[in-house]
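Working through the structure, step by step
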Amino acid sequence: MTKLDDLLAYEVVEGLTEGQFTAEEYVISILKRIEEVEPKIHSFITLDTEGALSSAKLIDKKIREKEDIGQLAGVTVGIKDNISTKGIKTTCASKILENYVPTYDATVIRNLKENGAILLGKLNLDEFGMGSTTEYSRYHPTHNPWNLDYVPGGSSGGSGAAVAAGECTVALGSDTGGSIRCPSSFCSVVGLKPTYGRVSRSGLISYANSLEQIGPICRSVKDLVMMLNIISGKDAMDNTSMPSSPITVPNKSNKLNVAVIKELITDSDQEVAKSVYSTSEKFQEIGCSCEEVSIKNLHYALPSYYTLASAEASSNLARYDNIRYGFDYPIGEYKWDTYFSNVRENFGEEVKRRILIGSYVLSSGYYGKYYLKARRLRSLLRLELLTLFKKYDVLIGPTMPILPFKFGEKIDDPIKMYLVDVNTVIANLAGIPAISLPIGFSNGLPIGLQIMAAPFEEQKLIDASYELERVIDIQRRPNLI
Amino acid sequence: MISKEDLEHLAQISRINLTEYELEKFPKQLDKTIEYIDILGELASDDSVNLDLQELRFEELRTDEIRMSNNKQLNKNITEDGFLRGPKMK
Amino acid sequence: MSMVMIGLEIHAQITALNSKLFCSCRGNYRDLRPNRNICEICCGLPGSLPNINQKAIEYSTMTSIALGCKVPDKIMFYRKNYFYPDLPKNFQITQYNVDGISSIGIDGKYELDDSKQIRISRIQLEEDPGRIVYSEGGMNVRNTALIDYNRAGVALIEIVTEPDFTGPREVRQFLNKLSLTLEHLGVCDTLLEGSVRCDVNVSMNGGNKVEIKNINSFKEVEKAINYEITRQSSVYNRNLSIEHETRHWDDKKKITFKARSKEEEHDYRYFPEPDIPVIVLGSDFVANLKERMPELPNQRFERFKLKYKLSEHTSNILINDKKLADFFESTLKLHFSPTEIANILVTDFKSLIENDNESTDYLKNLKVKPEHIAELAKLIEGNKISRITAKDILVKIFESGKLPSEVVNSSNSYKIADEKTIMDAVQSVFDTEKSAVEDAKKNTEAINFLLGKVMKFTNGRADPKIARRLINSKLSDPEKQ
Ligand SMILES: [Zn+2]
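Summarised in this report is the structure supplied together with it.

Thresholds, definitions, all that
- Residues numbered from 1 in each chain as written.
- Chains lettered and ligands numbered in written order.
- Predicted model: local features only at pLDDT ≥ 70, side-chain atom pairs only at ≥ 80, totals over all residues.
- Heavy atoms only, no water.
- Helix = DSSP H or I, 4+ residues; strand = E, 2+ residues; numbered from the N terminus.
- Rg over C-alpha atoms; globule rule 2.2 N^0.38 Å.
- Buried < 20%, exposed > 50% of the residue type's maximum accessible area, 1.4 Å probe, protein only.
- Contact = heavy atoms within 4.5 Å.
- Areas by Shrake-Rupley, 256 points an atom, 1.4 Å probe, with all protein chains shown as cover.
- Donors = N, O, S within 2.8 Å, 3.2 Å for Na, K, Ca; no water.
- Disulfide = S-S within 2.5 Å.
- Pairing = 2+ DSSP bridges.
- Axes fitted to C-alpha atoms, helices over the stretch in contact; angles between N-to-C directions.
- 1 Å grid on protein atoms, 1.4 Å probe; cavity = no way out; pocket = protein on both sides within 12 Å on 5 of 7 lines; lining within 4 Å.
- Points joined across faces, edges and corners; volume = space filled by probe spheres on them.
- Nonpolar A, V, L, I, M, F, W, Y, C, P; charged D, E, K, R; others polar.
- Left-handed = near helix turned anticlockwise from the far one by under 90°.
- Buried area = accessible area lost by both parts, 1.4 Å probe.
- Salt bridge = Lys/Arg side-chain N within 4 Å of Asp/Glu carboxyl O.
- Polar contact = N/O pair within 3.5 Å; in protein donor to acceptor, adjacent residues only side chain to side chain.

1. Let's talk about the overall build of chain A
- Looking only at helices and strands, chain A features 16 helices and 11 strands.
- Against the compact-globule benchmark of 23 Å for 481 residues, chain A has a radius of gyration of 21 Å, which places it among compact chains.
- Buried residues in chain A amount to 70% of all 481 residues.
- Taking as baseline every contact in chain A between residues at least 6 positions apart, the subset at least 24 positions apart corresponds to 76%.
- As presented, chain A carries roughly 14800 Å² of accessible surface, and 49% of it is formed by carbon and sulfur atoms.

This is the structure in structure tokens:
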């Protein structure tokens, strides 16, 4: 039998219901796994051992008393540390919020708790979600479980690495320009950025509100479906959220019209391109049609993304003046604006760069030149994609144009770092759902396939991924011990 | 080109002190970023494109009801009278 | 004579709302302990999102309609970015007119009494900041700001006019009329402390515009304008040029003073609020609202003249005091006698409330209710009491809250119509005022003097018509008993 800590989410729920083990036994096995591998991975910022154990005991009690335990009972969930958890520090991996303890739960956290999920703790990220490696975390970088010298991707690097390393059953990340899919690809796990509006953002600490969504990171497509259904739904606390219908795990194979985005392959590393091509052949083997398409406005996507994301960030992060909450910085004799500037000096370098760029593109005289053009591109791109989705069920390409890289490789050149997001920002700009699915390795480094669908067509992503997952035979767990 | 003065102005309106190191390094880095997004200038200014991704109907908005929270949101620098103590204004 | 151009920017709180603009905290923040009317949203905690109040949109639409503005089918919100310690997010959610989408009202016209039109540029809905109390000196408090966020997020309507006013008199007229309109719509109780504020811009002889900020009541606006006109004239007369600048109104010293130049350098970096989608009001919205809208002052004025046959003068007095007009109509429901009741209200009643009441909701705390006035009118019309007695009774019921009939009974104030009793009084007067009686025989004017004496003798209770008739007949026939 599989070791307890290796179980998938749906296996945990089954095992508990059938009485094969208790929730407490399961949580202890996970905590033991964390103890073993965390010194190598560093995916957690805060670990709530006591909270997890007491939740587990509560579930065991409910099982004994034959009460309803919820659809995620016993499943341990790691939470990206930019999602508000009542009573548990939520730092955004920033000095600025190092002491911040939210007074309310994000809507997704409430959903998880109501369904019996066990919160394990808070996972590492690039400060405020700005980065693609976790190197911009104020605390420590997270290491890629498949090769500890390599970055796990970002910004939800803690979430990707923790799931891959078996430190939690599943995790929540957030995705503004690829922050779920990038680490999913680099860590060889499944990650989904939902359609904009499917999942409530209430409690997600904003980096760029018009682009981001919370989404699940899991080790199987089936787990991902469970998670997605529980966190989806219209929320009165988020005016941008929308109702959606639940997703099911397909019980028959669906013949999909698949299209490969040509530019995304030609601009990728050879190893990555090769792997995606062979996957597109697999699509044909399972009875899907597969063609090649081009996206005209692709060229402008990344500049548009950085303009909009930085603009929104510069405004979203204005509230961190340390008056209402924050870290220890006495008011002293400073005049208020000096105090603000002093306090905010404690943002990390990348956060500062994006705030400055954001202020720049919104300044009078530049608004029309950058911000408005970026919004226009966004609409054009969305229109172009919606047209393609009339013909094709899903669009595919590599999630990342490159293989995972070593620490320090890109950190000195912001543009080089930004360029790794070129494939993923498309879905955020267009507000469409996109998934990253593990499809192979090159020299032991994971490769992910990105699949995109029309708004609220997550079912098609699941249909495609579930089929592929079955036919792709790759190593599922890194050799960490 | 972003001059050191431009950078200082941006830092001022963003209320962020920059370290010596950042003052040295940022102009070139921000220049490269701006140069990169300058490509957006190639796009036509076409007013016919609808920019809005999402709409909400009036009927869907929150009704005007009071729901008090626990008021525990602020817990540092609170005076005996309940005011939040901020920095000097002058 | 120099040419003056004045424009106004008025902020009126929607005091009618139960909750704030973007959260469910109380709209009425007054008289609460500091920071006890706050939540995650209005104190800008990380991850909280604005949740817009439907009713606020209705009230601001009604205001726009009343001020002759166009209301668009779709509205949007924008962020105005600036740092200030009373602003929990360091940006304000407001509206802005660019990109082809407008605020709740645009291009309005509002007529003053002499049919002069003031153009309204726009009306927008926005959130109020918190409040800063400056503590001065003291060893322990130093010179820190004391902040209270109870007001933060309260809904404000901003009304911006074109510079169409040529002097303070027009401004006063406009503000009076506006207050009346806001009150009739039920949008804003303008008498509440801090519920209305005004910024003014003044330019003379085509020179630079000077903006005066911080005028915290409509009463002060006229004083500030007068001060500014005098100041600018003296600058102009010395052949100096007037600078384009922002000044503040000091309502203790009654002067305007120059703001430090830094405050003028604002570049607000407006951009669309990503957390609030475009709100579709729909094509029927305005038409439906118009039907449900409360009557506006000028409509009411016309109705009073037409339906109640009141004079322009009386109608005007009633309309200009909404609470008095409401009281009037409540009284009519009990006893339909418009002329008599209006007469009581605009004369004796009004002078009584003006004497001892400064409070905002004087009619609410008054012991006299419509029931009292209705009964009083009935007593007068039934010839039970004289008008002179009625005034005394009114004074008594103001103090005691007793019904007029009770007062009349207990103080024996019924009108005396019994000829025998009145004749006794006439006889007494004739006995004591011998020379006046002689006068009166020659000079009919002196009869009034005798009548006055008779009335005084009967404490005003004698029916004056009967008394006059008896005096006349006694003068012509002294023996008559
Ligand atoms: Zn609130």
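2. Regarding the coordination of the zinc ion
All names here are of chain C.
- Here the zinc ion is held by Cys23 (SG), Cys25 (SG), Cys39 (SG) and Cys42 (SG), and the distances to it run 2.3 to 2.4 Å.
- Donor residues for the zinc ion sit on one chain with the sequence pattern C-x1-C-x13-C-x2-C.
- What makes cysteine 39 buried here is its relative accessible area of 8%.
- Among the residues examined, cysteine 42 registers a relative accessible area of 6% and is labelled buried.

3. Some details on the state of the cysteines
- Overall, the coordinates contain 0 disulfides over all chains when judged by the stated rule.
- Note on cysteine 288 of chain A: no disulfide assigned, nearest cysteine sulfur contributed by cysteine 290 of chain A at a separation of 8.2 Å.
- The exposure class of cysteine 288 of chain A is buried, given its relative accessible area of 7%.
- Free of any disulfide, cysteine 188 of chain C has its nearest neighbouring cysteine sulfur in cysteine 198 of chain C, separated by 13 Å.

4. Observations concerning the sheet that holds strand β2 (residues 84–88) of chain B
- On the basis of which strands lie adjacent, the open sheet formed by 3 strands has the order β2(B)-β8(C)-β7(C) and antiparallel pairing. Edge strands, defined here as strands with exactly one partner in the open sheet, are β2 of chain B together with β7 (131–134) of chain C. Direction aside, neighbouring strands of the sheet carry axes that sit 35 degrees apart on average.
- Taken together, the 4 bridges between β2 of chain B and strand β8 (residues 144–148) of chain C define a ladder with antiparallel strand orientation. Counterpart to leucine 84 of chain B in the pairing with β8 of chain C is isoleucine 147 of chain C.

5. Points about the layout of surface pockets
- In this model, the second largest pocket occupies a volume close to 650 Å³.
- Taken together, 33 residues line the second largest pocket, and the ones lying closest to its centre are Met237 of chain A, Arg67 of chain B together with Ser24, Glu40 and Ile41 of chain C.
- Of the residues in the lining of the second largest pocket, the class split is 13 nonpolar, 9 polar and 11 charged.

6. Observations concerning the packing of helix α14 (residues 434–442) of chain C against helix α15 (residues 445–457) of chain C
Residues and elements named next belong to chain C.
- Running from N to C, α14 and α15 point in directions that differ by 145 degrees, and their axes come no closer than 7 Å. As for the relative orientation of α14 and α15, their crossing is left-handed in sense. Every residue of α15 that contacts α14 at Ala436, Val437, Asp439 and Ala440 is listed here: Ala446, Ile447, Phe449 and Leu450.
- Partitioned by chemical class, the residues of the contact of α14 with α15 number 7 nonpolar, no polar and 1 charged.

7. Structural notes on the interface of chain A and chain C
- Contact residues are listed per partner, giving 43 residues for chain A and 38 residues for chain C.
- Carbon and sulfur atoms make up 53% of the surface buried where chain A meets chain C, a total of about 3200 Å² over both sides.
- For the chain A face of the interface with chain C, the top three residues by lost area are Asn239, Arg319 and Arg324 of chain A, together amounting to 20%.
- Counting the contacts that link chain A with chain C gives 1 salt bridge.
- The residue aspartate 275 of chain C makes a salt bridge to arginine 201 of chain A at a minimum N-O spacing of 2.9 Å.
- For the pair chain A and chain C, the number of links is 21 residue pairs in polar contact (both at pLDDT 80 or more).
- At the level of elements, α10 (298–316), α11 (336–344), α12 (349–362) and α13 (367–391) of chain A are the ones that each hand at least two residues to the side of chain A that touches chain C.
- Of the residues in the side of chain A that touches chain C, the class split is 19 nonpolar, 14 polar and 10 charged.

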